[in-house]
Amino acid sequence: DTGVSQNPRHKITKRGQNVTFRCDPISEHNRLYWYRQTLGQGPEFLTYFQNEAQLEKSRLLSDRFSAERPKGSFSTLEIQRTEQGDSAMYLCASSRRGGSGANVLTFGAGSRLTVL
Amino acid sequence: GQQVMQIPQYQHVQEGEDFTTYCNSSTTLSNIQWYKQRPGGHPVFLIQLVKSGEVKKQKRLTFQFGEAKKNSSLHITATQTTDVGTYFCAGPRDDKIIFGKGTRLHILP
């Protein structure tokens, strides 16, 4: 169990560029979540997967955001045509659906995005 | 939709003093979780409460779930510098985990 891995850890981009973040969850976890966190705020839910199925996407998420988990393992979060308001820490978390520790989130270290 | 609210937003205490943060939900929760985020770090799970009126302790930390399962508290006895960070409560909404805005604890030496 190597924990939840996210990369890149930091990304600086110019407004209008596309960025992609990757998350590798704990292998036994079938649920994967993406959150966004800005300074002084709690993690804000973006979307989550159970295996490869994307079960919910926040209404706060614009069409510029897309997430995939093609084989039910790692996930990617892509932001197209970035805006300065997208600057934030993007956190990935994984959990088990059932059994011991169900729905307890294990977070990765996050990917910090700065849009210039 | 369900919201999870925390107070206070910030708390400064002298080292050795006690600290309490409160969490309130607009709806009844099936369970509540608490996480700690150190400065520059990511949220780390502390505990989950499930039963009405449940009280759990972890060393100097005492967690309580209200009888109506709509509120919770975290109390730290005799704070230490290692307690610095932001404490979040989180509750389930459907299959998602929704976080409060957190209480940032600062320890004065």
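Before going into details, it helps to say that this report is about the structure given with it. Because the structure is a prediction, the values reported are computed rather than measured.

## A word on the sheet that holds strand β3 (residues 19-25) of chain B
Residue and element names in this part refer to chain B.
For step 1, the next point in the chain: Pairing within the open sheet is antiparallel, and its five strands lie in the order β1-β3-β8-β7-β6. A single partner strand is all that each edge strand has here, and the edge strands are β1 (4-7) and β6 (55-58). Here the average twist between neighbouring strands, direction ignored, is 15°.
For step 2, the next point in the chain: The pairing of β1 with β3 spans four bridges and is antiparallel. When the bridges of β3 are listed, Gln 6 appears paired with Cys 23.

## Quick look at the interface of chain B and chain A
For step 1, the next point in the chain: The partner chain A presents 19 residues to the 18 residues of chain B that form the contact.
For step 2, the next point in the chain: Of the roughly 1500 Å² buried where chain B meets chain A, counting both sides, 54% is carbon and sulfur surface.
For step 3, the next point in the chain: On the chain B side of the contact with chain A, His 42, Asp 95 and Lys 96 of chain B bury the most area, a combined 32% of that side's loss.
For step 4, the next point in the chain: Summed over the shared surface of chain B and chain A, the result is one salt bridge.
For step 5, the next point in the chain: A salt bridge links Lys 96 of chain B to Glu 56 of chain A, with the shortest nitrogen-to-oxygen separation between them at 2.9 Å.
For step 6, the next point in the chain: The interface formed by chain B and chain A contains five residue pairs in polar contact (both at pLDDT 80 or more).
For step 7, the next point in the chain: Sorting the residues of the side of chain B that touches chain A by element identifies β4 (32-37), β5 (44-49) and β10 (96-99) of chain B as the ones contributing at least two each.
For step 8, the next point in the chain: For the side of chain B that touches chain A, the leading source of residues is β10 of chain B, giving four residues.

What counts and how
Residues numbered from 1 in each chain as written. Chains lettered and ligands numbered in written order. Predicted model: local features only at pLDDT ≥ 70, side-chain atom pairs only at ≥ 80, totals over all residues. Heavy atoms only, no water. Pairing = 2+ DSSP bridges. Helix = DSSP H or I, 4+ residues; strand = E, 2+ residues; numbered from the N terminus. Axes fitted to C-alpha atoms, helices over the stretch in contact; angles between N-to-C directions. Contact = heavy atoms within 4.5 Å. Buried area = accessible area lost by both parts, 1.4 Å probe. Salt bridge = Lys/Arg side-chain N within 4 Å of Asp/Glu carboxyl O. Polar contact = N/O pair within 3.5 Å; in protein donor to acceptor, adjacent residues only side chain to side chain.

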